[in-house]
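Geometric and topological summary
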Amino acid sequence: MTMEDARDFEPFDDEFVVPPTHRLPPPPSAITSAEREATEVLDAVVAAAAAGEYDELPPPADPAQWPTAALPEVAPTFLPAAPPMAAPINPPSSTGGGEPPDVVLDAASAAAIGLAGLHARNISAWFGDHLVLDRVSLDMPAGQITALIGPSGCGKSTFLRILNRMHELVPSATMAGEVLLDGDDIYDRRHRLVDARKHIGMVFQKPNPFPAMSIYDNVLAGLKLTGLKAGRDQRDELVETSLIRAGLWKEVRDRLRQPGGGLSGGQQQRLCIARSLAVQPRVLLMDEPCSALDPTSTRVIEETMLELRHQVTIVIVTHNMQQAQRVSQQCAFFLAAQGQPGVIVEHGDTEAMFGQPQDERTFDYVNGRFG
Ligand SMILES: Nc1ncnc2c1ncn2[C@@H]1O[C@H](COP(=O)(O)OP(=O)(O)O)[C@@H](O)[C@H]1O
Ligand SMILES: [Mg+2]
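A short tour of the structure in this document, coming up. (Residues numbered from 1 in each chain as written. Chains lettered and ligands numbered in written order. Predicted model: local features only at pLDDT ≥ 70, side-chain atom pairs only at ≥ 80, totals over all residues.)

All right, on to the nonpolar core then. By size, the foremost hydrophobic cluster in this structure holds 91 residues, and its most contacted members are Leu163 and Val315. Those residues within four positions of Leu163 in sequence are excluded, and the remaining contacts are Leu118, Ala120, Val179, Ile200, Leu285 and Val315. (Core = buried A, V, L, I, M, F, W, Y, C linked by C-beta atoms within 7 Å. Buried ≥ 20, exposed ≤ 12 C-beta atoms within 10 Å, placed from the backbone. Contact = placed C-beta atoms within 7 Å.)

Below is the structure:
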């Protein structure tokens, strides 16, 4: 069966296990070995961090030495080129800025300053034969923060990883559905894996800078994805801008050549945010970015997010209900009943989700009665 057939396939309403032949596999033709390699710089760190192998990583090469020649020529990109970043609406909080104004951009204003919305359509996901997400659809509006909430194991991380094509690199993982960035499906086989990563950045639960690499080089580490060859001045400027946007500049400006591993946990997480921002993504995904941090570092990251939200569309997974209320404008409640795949029970404006939830299960969850 062709990919188009797989896309058109409507899963059986009353079946959770969809026959394997109906799944949409990762489009193999779309992933060249060079692209796969190009995505590995960040993935390898993530895997090493997860396995506790931080210090066994060889010191990465100077980014200037990276084999950018191995990168595929990115054809006139399938996605509208990211416009120059909108100027931050507020000064970074670390410079003493006040409360961000509670302005939610409407779709027209968001589009006018080049922000992209992300729209997931009928996303299903499997690990082997195990269906873990069943036809989940969600609009994540441009210029807003969307929080994904719900108990452990209901598929939030899987959903997030599908939003930037990380899921398909897990052996045995398959998925179906569409993810539209600015209306264009990132899984369309005309598109490259590396483009999805470039436009849609990810920050993980455990801060994962290259510990032996300098702060400066850490910020530039993701540039391998873009194949951008920047001169010294451009690199300096990109490092500074990215660190300012991540709310870390003031703390590290005098020690850019020191190793990233020497920073505190909260600073490391902001360094990872800076690394993502340096690639100029249109969307930033964050999987429980504060759950390993103390309350003060958490507050700084939340302020950073609120400042970033008019520059980049943000999707965050959080188990912290107060955090979801503080930072997000949109909220989606995921739930997986015993032995069943995850679904979105309810989604909408965060205020309404917490104030007047429509579903009893949402009410119970946001009020801490389970999960
Ligand atoms: N790499 C994997 N291999 C097999 N099963 C997985 C893998 N990752 C997650 N799962 C399963 O998928 C389901 C959803 O997991 P996950 O997306 O991590 O949930 P959440 O982030 O909401 O806690 C769980 O049942 C989990 O055990
Ligand atoms: Mg998770």
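Next, the rest of the story.
So, on to the site of ligand 1. Taken together, the neighbourhood of ligand 1 is formed by Phe127, Val132, Ser152, Gly153, Cys154, Gly155, Lys156, Ser157, Thr158 and Val170. The element that contributes the greatest number of residues to the shell around ligand 1 is helix H4 (residues 156–162), accounting for three residues. (Near = placed C-beta within 6 Å. Helix = DSSP H or I, 4+ residues; strand = E, 2+ residues; numbered from the N terminus.)

Let us now look at the pairing of strand S9 (residues 330–335). Working note: regular strand, side chains alternate between the two faces of the sheet. Counting buried positions along S9 yields six of six residues, so the element is predominantly enclosed. On S9, burial covers both faces: Gln330, Ala332 and Phe334 on one face and Cys331, Phe333 and Leu335 on the other are all buried. Both strand S3 (residues 145–149) and S9 contribute to a ladder of four bridges, which runs parallel. For Ile149, the partnering residue across the bridge sits in S9 and is Phe333. Looking at chain direction, S9 and strand S10 (residues 343–349) are connected through six bridges and run antiparallel. (Pairing = 2+ DSSP bridges.)

Here we have six strands laid out as an open sheet, ordered S6-S7-S8-S3-S9-S10, and mixed in their pairing. Edge strands, defined here as strands with exactly one partner in the open sheet, are strand S6 (200–203) and S10. Strand-to-strand twist across the sheet, computed as the mean angle between neighbouring axes with direction ignored, equals 15°. Where helix H10 (residues 265–278) meets the sheet, it contacts S6 and strand S7 (283–287), and its direction lies at approximately 170° from that of S6. (Axes fitted to C-alpha atoms, helices over the stretch in contact; angles between N-to-C directions.)

The next thing to look at is H10. An ideal rise of 1.5 Å per residue puts 20 Å on 14 residues; H10 measures up with 20 Å between its terminal C-alpha atoms. Of all 14 residues that make up H10, 13 are buried, and the element is covered over most of its length. Two residues or fewer after H10 comes Gln280, characterised by a positive phi angle close to 60°. (Expected span 1.5 Å × (residues − 1).)

Here we come to helix H8 (residues 232–245). End to end, H8 covers 20 Å across 14 residues, agreeing with the expected 20 Å (1.5 Å per residue, within 8%). In this structure, the buried side of H8 is in contact with helix H6 (215–220), helix H9 (249–252), H10 and helix H11 (295–308). Residue Gly247 follows H8 closely and has a positive phi angle near 70°.

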